[in-house]
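# Close look at the chain arrangement
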Amino acid sequence: MAGHKKLIIGNWKMNLGVHDASVYLHKLDVAIQGHRDVEVVVAPTALAVQPLSLQVNRHKMKLAAQNFYWRDFGAFTGEVSATQLRGLVNYGLVGHSERRHVFGEKIKDSREKVQAALRNQITPVLCIGETEHERASGEMRDVLHDQLVGGLANITSEEINDIVIAYEPVWAIGTGRNASPHDVEAAVLTIRSQIAHLFGKEKAAAVRILYGGSVTADSASDYLRIKGIDGLLVGGASLKLHEFSEIIKKAHVVVQ
Ligand code: 13P
């Protein structure tokens, strides 16, 4: 939406240990001097969230959790809750395609997580996207609808102001296959009209929507210029300091 800073989130997935994450963050901080018109966020391994939260200069960068469990406390061996992440991260990814497709998370899980994030002052980034098969069989609209409406089912029209949607077509994640800007624009229109249906046109126009899927420094500007795109969710390219800082610079230029 016009007027927003562009939001660039680097999702490091299960890469970089605590030490390497800290070194990277330091170098990124140096590399992106002077781009305050871009909101830069990194999502490190859960292990690094706490140390990086002490290191990060929050005027320049923020942290996101890649995942969390939706209960606040309890006998849930191996899980980390949004309550435990509260104060350490500003954002939390919800329903990432790897969570849905590798770990079998259901729409109900994203719904609970969206709410858990909100009650712990963490902005949920609800990730939605169709598989190649779903796209080929003309189900894209329905899939996006189900993931979106299912994920947002219990939130209020006040809370929608604090939610980010990431459109990540599954077939474009980690494959090097680019969704065309035309396809992304169409998907974003679909998403906004579905949000308008739930919360009204004004809210739908204000919700931030990101694109993710094989974004590189070369393709970043094309996506950032798409009408209705407010930023990027970057996987592989966010692990390369030069590439990721170039993407941030491109967002800076697009904003100018
Ligand atoms: P890639 O940029 O590696 O395709 O990953 C996208 C993604 O899943 C970000 O969350």
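About the cut-offs
Residues numbered from 1 in each chain as written. Predicted model: local features only at pLDDT ≥ 70, side-chain atom pairs only at ≥ 80, totals over all residues. Heavy atoms only, no water. UniProt positions renumbered as here; feature names shortened; annotations may be inferred. Helix = DSSP H or I, 4+ residues; strand = E, 2+ residues; numbered from the N terminus. Rg over C-alpha atoms; globule rule 2.2 N^0.38 Å. Buried < 20%, exposed > 50% of the residue type's maximum accessible area, 1.4 Å probe, protein only. Contact = heavy atoms within 4.5 Å. Areas by Shrake-Rupley, 256 points an atom, 1.4 Å probe, with all protein chains shown as cover. Lys, Arg positive; Asp, Glu negative; His and termini not counted. Charge placed at Lys NZ, Arg CZ, Asp CG, Glu CD. Salt bridge = Lys/Arg side-chain N within 4 Å of Asp/Glu carboxyl O. Near = heavy atom within 4 Å. Polar contact = N/O pair within 3.5 Å; in protein donor to acceptor, adjacent residues only side chain to side chain. Nonpolar A, V, L, I, M, F, W, Y, C, P; charged D, E, K, R; others polar. Axes fitted to C-alpha atoms, helices over the stretch in contact; angles between N-to-C directions. Left-handed = near helix turned anticlockwise from the far one by under 90°. Pairing = 2+ DSSP bridges.

The name recorded for the protein in an unreviewed UniProt entry is Triosephosphate isomerase, from Candidatus Mycosynbacter amalyticus. According to UniProt, the comment filed for the protein under the heading Sequence similarities (unreviewed entry) is "Belongs to the triosephosphate isomerase family." Regarding the protein, the relevant UniProt record gives this comment under Catalytic activity (unreviewed entry): "D-glyceraldehyde 3-phosphate = dihydroxyacetone phosphate".

Each helix and strand counted, the protein has 11 helices and eight strands in total. The C-alpha radius of gyration computed for the protein amounts to 17 Å, which stays within 12% of the reference 18 Å derived for 256 residues, consistent with globular compactness. Taken along its principal axes, the extent of the C-alpha atoms in the protein is 45 × 45 × 35 Å. Relative to its full complement of 256 residues, the protein shows a buried share of 51%. For the protein, long-range pairs separated by at least 24 residues make up 74% of all intrachain contacts whose partners lie at least 6 apart in sequence. Element-wise, carbon and sulfur atoms account for 53% of the exposed surface of the protein, whose accessible area totals about 11600 Å². Each charge class in the protein can be summarised by its mean position, and for the 29 positive and 28 negative side chains these summaries are 4 Å apart.

One pass over the structure, following the stated rule, counts 13 salt bridges. Ionic pairing is found between Arg99 and Glu105, a salt bridge with its closest N-O pair at 3.0 Å. A residue is classified by how much of its surface remains accessible, and Arg99, at 23% relative accessible area, is partly exposed. Each of the salt bridges in this network shares a partner with another, and the network as a whole consists of Glu39, Lys62 and Arg208.

A few words now on the site of the ligand. Around the ligand sit Asn11, Lys13, His96, Glu168, Ala172, Ile173, Gly174, Gly213, Ser214, Leu233, Gly235 and Gly236, and that is every residue in its neighbourhood. Here an oxygen atom of the ligand and a backbone polar atom of Gly174 are 2.6 Å apart. Ser214 has a polar backbone atom sitting 2.7 Å from an oxygen atom of the ligand. Here the ligand has 300 Å² of accessible area as a free molecule, and 95% of this is covered by the chains. Its residues assigned to classes, the shell around the ligand shows three nonpolar, seven polar and two charged.

The next subject is the packing of helix 1 (residues 18–31) against helix 2 (residues 46–55). At their nearest, the axes of helix 1 and helix 2 sit 9 Å apart, and the two run at 35° to each other. In this structure, the crossing between helix 1 and helix 2 has a hand that is right-handed. Of the residues in helix 2, those touching helix 1 at Val18, Ala21, Ser22, Leu25 and His26 are Leu47, Ala48, Pro51, Leu52 and Gln55. Across the contact of helix 1 with helix 2, the residue classes break down as seven nonpolar, three polar and no charged.

Moving on, we get to the pairing of strand 7 (residues 208–212). Counting buried positions along strand 7 gives five out of five residues, so the element sits mostly inside the fold. Covered by surrounding structure in strand 7 are Arg208, Leu210 and Gly212 together with Ile209 and Tyr211, the residues of both alternating faces. Across four bridges, the pairing between strand 6 (residues 164–167) and strand 7 is parallel. In the sheet register, Ala166 faces strand 7, and the bridge partner there is Leu210. Judged from the three bridges that link them, strand 7 and strand 8 (residues 231–234) form a sheet pairing that is parallel. The residue bridging Gly212 from the neighbouring strand is Leu233, located in strand 8.

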